[in-house]
Protein chains: 2
Amino acid sequence: MSENPHDLSVGIDFGGTSVKIGVCAGADVVENAEPIDTAKYGDSNALIDAMVERVSSLREKHPGIKAVGSGVPGLVDFDRGFVHELTNVPGWKNVPFRDLLASKTGLPALVDNDANCMAYAEWAYGAGEPYHNIVALTLGTGIGGGLVIDDKMYRGSQFAAGEIGQMSIDYKGRPGPYGNTGASEVYMGNKQITEHAIIRYADAGMAKKAEELSPKQISEAAQAGDEIARQIWGDVGEWLGSLLASITWLLNPDAIIVGGGMAKSGELLFHPLEEKMKSMLSVVLWDNLHLIPARFGNEAGIIGSAAQALDAANS
Amino acid sequence: MSENPHDLSVGIDFGGTSVKIGVCAGADVVENAEPIDTAKYGDSNALIDAMVERVSSLREKHPGIKAVGSGVPGLVDFDRGFVHELTNVPGWKNVPFRDLLASKTGLPALVDNDANCMAYAEWAYGAGEPYHNIVALTLGTGIGGGLVIDDKMYRGSQFAAGEIGQMSIDYKGRPGPYGNTGASEVYMGNKQITEHAIIRYADAGMAKKAEELSPKQISEAAQAGDEIARQIWGDVGEWLGSLLASITWLLNPDAIIVGGGMAKSGELLFHPLEEKMKSMLSVVLWDNLHLIPARFGNEAGIIGSAAQALDAANS
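Residues numbered from 1 in each chain as written. Chains lettered and ligands numbered in written order. Predicted model: local features only at pLDDT ≥ 70, side-chain atom pairs only at ≥ 80, totals over all residues. Heavy atoms only, no water.

S.K.: Is there a simple way to explain the overall build of chain A in this structure?
M.R.: Along chain A, the regular secondary structure elements total ten helices and 14 strands. Scaling as 2.2 N^0.38, a compact globule of 315 residues should have a C-alpha radius of gyration of about 20 Å, and chain A matches this with 20 Å. Considering only C-alpha atoms, chain A reaches an extent of 60 × 45 × 40 Å along its principal axes. Considering only residue pairs separated by 6 or more positions, chain A has 61% of its internal contacts joining residues 24 or more positions apart. Accessible surface, chain A: about 12,500 Å² in total, of which carbon and sulfur atoms supply 49%. Once the 24 positive and 40 negative side-chain charges of chain A are each reduced to a mean point, those two points are 3 Å apart. (Helix = DSSP H or I, 4+ residues; strand = E, 2+ residues; numbered from the N terminus. Rg over C-alpha atoms; globule rule 2.2 N^0.38 Å. Contact = heavy atoms within 4.5 Å. Areas by Shrake-Rupley, 256 points an atom, 1.4 Å probe, with all protein chains shown as cover. Lys, Arg positive; Asp, Glu negative; His and termini not counted. Charge placed at Lys NZ, Arg CZ, Asp CG, Glu CD.)

S.K.: Where do I start with empty space enclosed by the protein in this structure?
M.R.: Gaps left between atoms show up when a probe the size of a water molecule is rolled over them. On inspection of all chains with the given rule, the structure shows four cavities of 30 Å³ or more. Looking at the largest cavity, its volume works out to about 80 Å³. Counting residues per element, the ones that place at least two in the lining of the largest cavity are α7 (227–251) of chain A together with α7 (227–251) of chain B. Residue composition of the lining of the largest cavity, by class: six nonpolar, six polar and no charged. (1 Å grid on protein atoms, 1.4 Å probe; cavity = no way out; pocket = protein on both sides within 12 Å on 5 of 7 lines; lining within 4 Å. Points joined across faces, edges and corners; volume = space filled by probe spheres on them. Nonpolar A, V, L, I, M, F, W, Y, C, P; charged D, E, K, R; others polar.)

S.K.: For this particular structure, what's the right way to read the pattern of salt bridges?
M.R.: Should their charged atoms come close, side chains of opposite charge can pair. Here the structure, examined in full by the defined rule, presents 28 salt bridges over all chains. Across the pair Asp-235 of chain B and Arg-200 of chain B runs a salt bridge whose closest N-O atoms are separated by 2.8 Å. With a gap of 35 residues between them, Asp-235 of chain B in helix α7 and Arg-200 of chain B in helix α5 (residues 190–203) connect regions that are remote in the sequence. Among the charged side chains, a salt-bridge network with shared partners connects Asp-170 and Lys-172 of chain A together with Asp-170 and Lys-172 of chain B. (Salt bridge = Lys/Arg side-chain N within 4 Å of Asp/Glu carboxyl O.)

S.K.: Would you take a moment to explain the interface of chain A and chain B for this structure?
M.R.: Taken residue by residue, the interface counts 48 residues in chain A and 48 residues in chain B. Contact with chain B buries area across many residues of chain A, yet Tyr-171, Trp-249 and Leu-250 of chain A alone supply 21% of it, more than any other trio. One salt bridge connects Asp-170 of chain A with Lys-172 of chain B, and the closest N-O pair in it is separated by 2.9 Å. Looking at the side of chain A that touches chain B, the elements that each hand over two or more residues are β11 (143–149), β12 (152–154), α7, α8 (267–280) and α9 (283–288) of chain A. Here the side of chain A that touches chain B is built from residues that sort into 23 nonpolar, 16 polar and nine charged. (Buried area = accessible area lost by both parts, 1.4 Å probe.)

S.K.: Can you help me understand the relation of the copies chain A and chain B in this one?
M.R.: Note that the two copies of the chain are related through a rotation about an axis and a translation along the same axis. Note on the copies: chain A fits chain B at an RMSD of 0.0 Å, the axial shift is 0.0 Å, and the rotation between them is 180 degrees. Between the two chains, the operation in question is that of a two-fold axis. By C-alpha distance to the rotation axis, the residue of chain A lying nearest is Asp-170 of chain A, at 2.0 Å. Most of the interface of chain A is mirrored in chain B, where 100% of its interface residues are also at the interface. (Least-squares fit on C-alpha atoms with pLDDT ≥ 70 in both.)

S.K.: Where do I start with the nonpolar core in this structure?
M.R.: A general trend in soluble globular proteins is that nonpolar side chains are found buried together. Formed by 104 residues in total, the largest nonpolar core has its most connected members in Leu-251 of chain A together with Leu-251 of chain B. With sequence-adjacent residues up to four places away left out, Leu-251 of chain B is seen in contact with Leu-147, Tyr-154, Gly-156, Ala-161, Leu-250 and Leu-251 of chain A together with Val-135 and Leu-147 of chain B. (Core = buried A, V, L, I, M, F, W, Y, C linked by side-chain atoms within 4.5 Å. Buried < 20%, exposed > 50% of the residue type's maximum accessible area, 1.4 Å probe, protein only.)

So this is what it looks like as C-alpha cells:
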C-alpha cells in the first residue's frame with residue numbers, strides 16, 4: 001500500500017453474526033484478520049479471547065499498532081466501556097468489555113456503539129470530513145444513527161443518543177419494538193420494505209414473493225424500468241424525507257450522511273428523498289444542508305472503531 | 001430586594017406585539033422598564049432607539065449594569081448579531097441589531113433567538129440548572145425550542161436549530177407553514193387546540209365557540225369535571241408525547257422542560273404526556289429523563305437574554 005501518515009490501530013466490528021477485525025491507517029484497512037463467527041461462542045470471555053488472539057496475530061505483522069477499538073451492536077456505557085446487554089449475542093450481560101480488551105492486549109482500548117463508530121468514520125475520514133454538525137445513519141435490518149455536534153461525538157446523557165430508527169414518523173402509526181407508534185425502522189427496515197413491496201405488487205395484481213423483493217432486487221427492477229419498483233423507492237423517500245426533515249428542524253446540521261445497503265440504490269432513493277425534504281424545510285435549512293451518501297460501506301465499523309480508539313489514546 | 005451575588009444586566013424580550021425590558025440579577029428581575037408597543041414603530045431604527053432610551057433610564061438607577069441582551073422573534077445570525085428578517089415585525093430586514101445595541105448603549109451586547117433565551121434561562125437559573133443536555137420548549141401560538149448540549153447552547157450550523165414546532169408527527173399529516181406535513185405546531189398551537197376542541201364538542205353534539213375554548217378555558221372545564229375537556233388534553237398528550245419521545249430517542253437528554261401558557265394546565269397535560277412517552281421509550285431513556293415544567297413564565301425571555309449577555313461579556 002501507499003505511504004500513509006497515520007498511526008496504526010485495530011478496529012473490531014462486532015456484529016450479531018460475525019466479528020470483523022482489521023488494522024487501519026486512517027481511512028485504509030491495511031489488513032483484515034479472519035472473521036469470527038459470533039454464534040460459535042456461548043459466552044463473552046471465549047469470544048473476547050478469540051478477538052484478542054486475532055489482535056495478537058495482527059500485531060506480530062504490524063508492531064506499530066497503538067490502540068484497539070470495538071463497535072458493539074447495542075448500548076454501551078461509554079465512560080466505563082461497559083456492555084450491559086446485547087440482545088442478539090448470547091452471554092453478553094454486564095461485561096466490562098473495554099477493560100478486558102485493554103488488559104488482555106496491553107493496548108489502550110475503546111468501546112462504543114456501532115452506529116457511533118460508523119458516524120465517527122464518516123466524520124474523521126469520510127463524507128462528513130468537511131463538516132462540524134453531522135447526522136449519520138445506516139439503513140439496513142434496522143436504522144442506526146450517530147451524531148457529531150461541534151466536531152465531537154455526541155452520545156447523550158446515558159450514551160443512548162442517535163436512535164433514529166426508533167423515532168416516530170406517525171404518532172398513530174405501526175408499533176415499534178418498544179411499543180413506540182410509528183417507529184421509522186418498522187417502515188424502512190429491509191424486511192419491512194420487502195413486505196411493503198409485496199403489497200404494492202399485489203395491489204397491481206402481481207403476486208411476488210419475499211425472495212424476489214430484497215431492497216437490492218427492487219433497485220434492479222426499478223433501474224430496468226419497473227414503475228412499481230420505482231414507486232416503492234418513492235414511498236421510502238416520503239417516509240425517510242419526513243424523518244430527516246424533522247431532524248434537520250431540530251438540529252440544523254451541516255450534513256446528513258446516509259449509509260447502509262439501501263444507500264446503494266442511489267438516485268432511486270435520493271431523488272424522492274431530496275424532493276420530500278426540500279418540500280418540508282425552510283430555504284435556509286435546505287440550501288445549507290449536505291445530504292450525501294456515506295463513503296464507507298462494510299468497513300465503516302472497523303475504520304470508525306480503530307480511529308476512535310487511536311484518537312482517544314493520542315488525546 | 002434581598003442581596004444577590006450576581007452582576008446586573010439588562011434583558012430585552014422583543015415580541016411581535018410588545019418589547020419588555022428588565023434589569024436582572026441572576027434569576028431576579030430587579031426592575032422593569034415600561035413596555036414598548038412594537039406596532040407603533042414602523043422601522044427598526046426608531047424601535048431600537050426606544051429600547052436604548054429605556055436601557056439608559058434603567059442604568060441611571062442601576063449604574064452597575066454590565067451588559068445588554070435581546071431575544072428576538074425570528075432567525076438570528078448569532079455570530080454577527082444580525083437579524084435577517086422578522087416576519088411579524090415590519091421594517092426589520094437585514095438589521096445589525098447587536099452592533100447597534102452595543103454602539104448606542106456602550107454596553108457589551110448579545111442578540112439571540114427568543115426560544116434560545118428561554119432555554120438559557122431555564123438552564124442557567126431555572127428547572128434545567130442540574131442538567132447538562134436539555135431540550136426546552138414553549139407551547140403557545142406556536143412551539144419554540146432551544147437546546148443545551150454538554151452545558152452549552154447548541155444553535156445549529158445556521159443558528160436555526162431547535163425548531164420543534166416544525167418537526168413532523170405524521171409524515172402524511174396536516175401541512176405546516178413550510179408545506180411540512182404533520183408539523184407539530186399545526187396540531188398543538190393555541191389556535192389549533194381551540195379548533196380541535198370545537199370538533200370534539202361538536203362530535204358530542206355540543207356547539208361551542210372559539211371564544212369559550214382557549215387552552216385556559218379548556219383546562220378550567222377539565223378541572224370542573226368535563227370529560228370532553230379532559231379528553232382534549234389527552235389528545236394533546238398523545239401528539240406531544242410522540243414528538244418528545246422522538247426527540248428523546250435522538251438526543252437522550254437529561255431533561256425536557258415544558259414552558260409557555262399551556263404548561264400551566266399541569267397534570268391535565270403532563271399525565272397523558274408522561275403515559276405516552278413512557279409507552280414509547282426504553283426503560284433506560286424514560287427512567288433517566290426529567291420531564292418538568294419550566295420555572296419561568298413571562299419573564300423567561302428577559303432573564304435568559306440578560307443572562308446570556310452577561311455570561312458572554314464575562315467569558
